[in-house]
Amino acid sequence: MGLPLALTFADSGLRTDIYDINTKTIEKIRQGIMPFTEEGGEEMLKRVLANGMLQAHDTPELISQCSFIVLVIGTPVDEHRNPNFTGIQRAIEGVISHLRDGQTLILRSTVFPGLSHHVKQYLRRQGLDIAVAFCPERVAEGFSIREFRTLPQIVGASEQSTRDAVRKLFGRFTDDFIEMQPIEAELCKLMTNAWRYIQFATINQFYMIASEHGLDFNAILHGCRYKYPRTAGMPGPGLAAGPCLVKDTMQLAAFSHNSFPLGHAAMVINESLPAHLIDLAKRKVDLTEKTCGILGMAFKAESDDPRDSLSYKFRKLLLLECKEVLCSDPYVHDPQLTTLEDVLRRADVLFVAAPHQVYRKLKVRPDQVLIDVWNCVGSEP
Ligand SMILES: NC(=O)c1ccc[n+]([C@@H]2O[C@H](COP(=O)([O-])OP(=O)(O)OC[C@H]3O[C@@H](n4cnc5c(N)ncnc54)[C@H](O)[C@@H]3O)[C@@H](O)[C@H]2O)c1
């Protein structure tokens, strides 16, 4: 998330520096290669490297020269799905000797509520007079550059002077701001993601109810949605996971002292969908001696990001049920994967796990079983 923002700042005429501890990523960026798929990213990267507006570093010295520091590191939950409070703190401790009075630190990672206040107190205890704001990243991975210019920017800061400074910075590409206290902004971000996760869980549960009874959920969904404004925005069913929605729902659960039954129920439902889809296949065919194919290992359509994708849980569950599991994805780089052609040729049962465009035109053999929760195969783009 940090790189597209850095590109957008640099392309708007601001001298921008990136610091990352991952030297391989920094080397790629210096060579003008995007480390992941981002619409318009590579073109913009080459442009801002060529005109000198962007530089990439694997050491933090440059930080002392910056007026604004935007911190965008990953904030995963731990193996027990509990928030990790120390990542941001450790990242700041790692660069503390390069911070100086008068700078503005913008926290952009999705964080546990109250963390911005904690950081501010910590810096003050270190004798540093640094303004702290929380401005959550809300763009969709892969489309960040486009969305920076279309989404309003949330500014969470206690002092008006900090709000004004941050507005000036983001004002390079938006004039639409929402101001609030940092903890309100922290909650706003978590609730946005939890809302989406709960919506997906709701439709996934509807899907499971209908398919459990052998009914065509697509017909039901069409009936729910067609020319009926009160179901506007009703999503379709599908695997819901990825690097944000689950962990942010769990951060909100932890903040509410685990009194968030909707959030926990959403996790149980969404995480149980792969097992349900395998059960649907088992009703049609005995899987024991069959080869199964999983199409799409990324966590969402047209993405190369497999982080926390349910496709891998799918694979794990299927390995217990059938003779062989073949996985493929046109975007994900993983040596365990095979080609789409190989899966289509050898699999007896096909599961669509990520609804990439390429699967819309698939020709499934009459002897193959297709489990397509997304209703992707054969659908119009
Ligand atoms: N991925 C999304 O779609 C998305 C969308 C909105 C918000 N977010 C939030 O944005 C944040 C970042 O997510 P991401 O997917 O970009 O994470 P990421 O793990 O892909 O990227 C984080 C980068 O920070 C670097 N890093 C880690 N520790 C560091 C340190 N101490 N000093 C310097 N660099 C360090 C890593 O090497 C990595 O390159 C998370 O809080 C996430 O919840 C993500």
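Residues numbered from 1 in each chain as written. Predicted model: local features only at pLDDT ≥ 70, side-chain atom pairs only at ≥ 80, totals over all residues. Heavy atoms only, no water.

J.: Just to check I follow, could you spell out the site of the ligand for this structure?
T.: If you check the shell around the ligand, you find 19 residues, and the closest are Met 1, Asp 20, Thr 75, Glu 141 and Lys 247. Contact with the protein chains hides 78% of the accessible area of the ligand, taken as 840 Å² for the molecule alone. (Near = heavy atom within 4 Å. Areas by Shrake-Rupley, 256 points an atom, 1.4 Å probe, with all protein chains shown as cover.)

J.: What is the right way to look at the state of the cysteines in this model?
T.: Two cysteines joined by a covalent bond between their sulfur atoms form a disulfide. Applying the stated rule across the entire model yields zero disulfides. In this structure Cys 135 is a free cysteine whose sulfur lies 12 Å from that of Cys 188, the closest cysteine sulfur available. Free cysteine: Cys 244, not disulfide-bonded; nearest cysteine sulfur from Cys 188 at 15 Å. (Disulfide = S-S within 2.5 Å.)

J.: How do you make sense of the packing of aromatic side chains when you look at a structure like this?
T.: Two measures describe an aromatic ring pair: the distance that separates the ring centres and the angle between the ring planes. What the rule picks out here adds up to eight aromatic pairs. Plain terms: the ring middles of Phe 148 and Phe 173 are 5.8 Å apart, the flat faces sit at 50° to each other, and that makes the pair tilted. Note that Phe 148 is positioned in helix α6 (residues 144-148) and Phe 173 in the loop between α7 (160-170) and β7 (177-180), a separation of 25 residues in sequence. Neither Phe 148 nor Phe 173 differs from the other in exposure class; each is buried. (Phe/Tyr/Trp six-rings, centres within 6.5 Å; stacked < 30°, edge-to-face > 60°. Helix = DSSP H or I, 4+ residues; strand = E, 2+ residues; numbered from the N terminus. Buried < 20%, exposed > 50% of the residue type's maximum accessible area, 1.4 Å probe, protein only.)

J.: Help me out: how do you make sense of the environment of Lys 28 in this one?
T.: Structurally, the position occupied by Lys 28 is in helix α2 (residues 23-30). For the pair formed by Lys 28 and Glu 141, sequence separation is 113 residues and the distance between their alpha carbons is 19 Å. Setting aside anything within four residues of it in sequence, one finds Lys 28 in contact with Ile 33 and Pro 35. (Contact = heavy atoms within 4.5 Å.)

J.: Quick question: what am I supposed to make of the nonpolar core here?
T.: A general trend in soluble globular proteins is that nonpolar side chains are found buried together. Counting 51 residues, the largest nonpolar core has Leu 277, Leu 287, Phe 314, Leu 318 and Phe 351 as its most contacted members. Broken down by element, the residue count for this core peaks at 10 residues, all from helix α8 (residues 182-212). When neighbours within four sequence positions are excluded, Phe 314 is seen to be in contact with Leu 239, Pro 274, Leu 277, Ile 278, Ile 294, Phe 351 and Ala 353. In terms of nonpolar packing, the next biggest core, distinct from the first, is built from 23 residues, Ile 69, Leu 99, Val 111 and Val 119 among them. (Core = buried A, V, L, I, M, F, W, Y, C linked by side-chain atoms within 4.5 Å.)

J.: I tried to follow the side chain of Thr 110 on my own but got confused; where do I start?
T.: Topologically, Thr 110 is positioned in the loop between β4 (104-107) and α5 (115-125). Thr 110 gets classed as buried once you look at its relative accessible area, which sits at 8%. Once residues within four sequence positions are removed from consideration, Thr 110 is found in contact with Thr 75, Lys 189, Leu 190, Lys 247, Asp 248 and Gln 251.

J.: Honestly, the packing of α8 against helix α9 (residues 217-225) in this entry has me stumped. Any pointers?
T.: Between two packed helices, what matters for the description is the angle formed by their axes and the separation of those axes. The contact between α8 and α9 brings their axes to 9 Å, and the two run at 130°. Judged by the angle between their axes, α8 and α9 are oblique. Regarding α8 and α9, the two cross each other, and that crossing is right-handed. For the pair α8 and α9, the contacting residues are Ile 203, Phe 206, Tyr 207 and Ala 210 in the first and Phe 217, Ile 220 and Leu 221 in the second. (Axes fitted to C-alpha atoms, helices over the stretch in contact; angles between N-to-C directions. Parallel < 35°, antiparallel > 145°, perpendicular 65-115°, else oblique. Left-handed = near helix turned anticlockwise from the far one by under 90°.)

J.: Explanation requested: the pairing of strand β9 (residues 324-328) in the structure shown.
T.: The buried count for β9 comes to four of five residues, which makes it a mostly enclosed element. Pairing of strand β8 (residues 291-295) with β9 involves five bridges; the strand directions are parallel. If you follow Leu 295 over to β9, its bridge partner there is Ser 328. In the classification by handedness, the crossover that spans β8, the intervening helix α12 (residues 310-319) and the parallel β9 is right-handed. (Pairing = 2+ DSSP bridges. Right-handed = clockwise from strand over helix to strand, strands pointing away.)

J.: What am I meant to see in the environment of Pro 306 here?
T.: You can see Pro 306 is positioned in the loop between β8 and α12. The sequence separation of Pro 306 and His 333 amounts to 27 residues, and the corresponding C-alpha distance is 8.8 Å. Excluding residues within four positions of it along the chain, Pro 306 makes contact with Met 297, Ala 298, Phe 299, Tyr 312 and Val 332.

Structural measurements only, silent on function.
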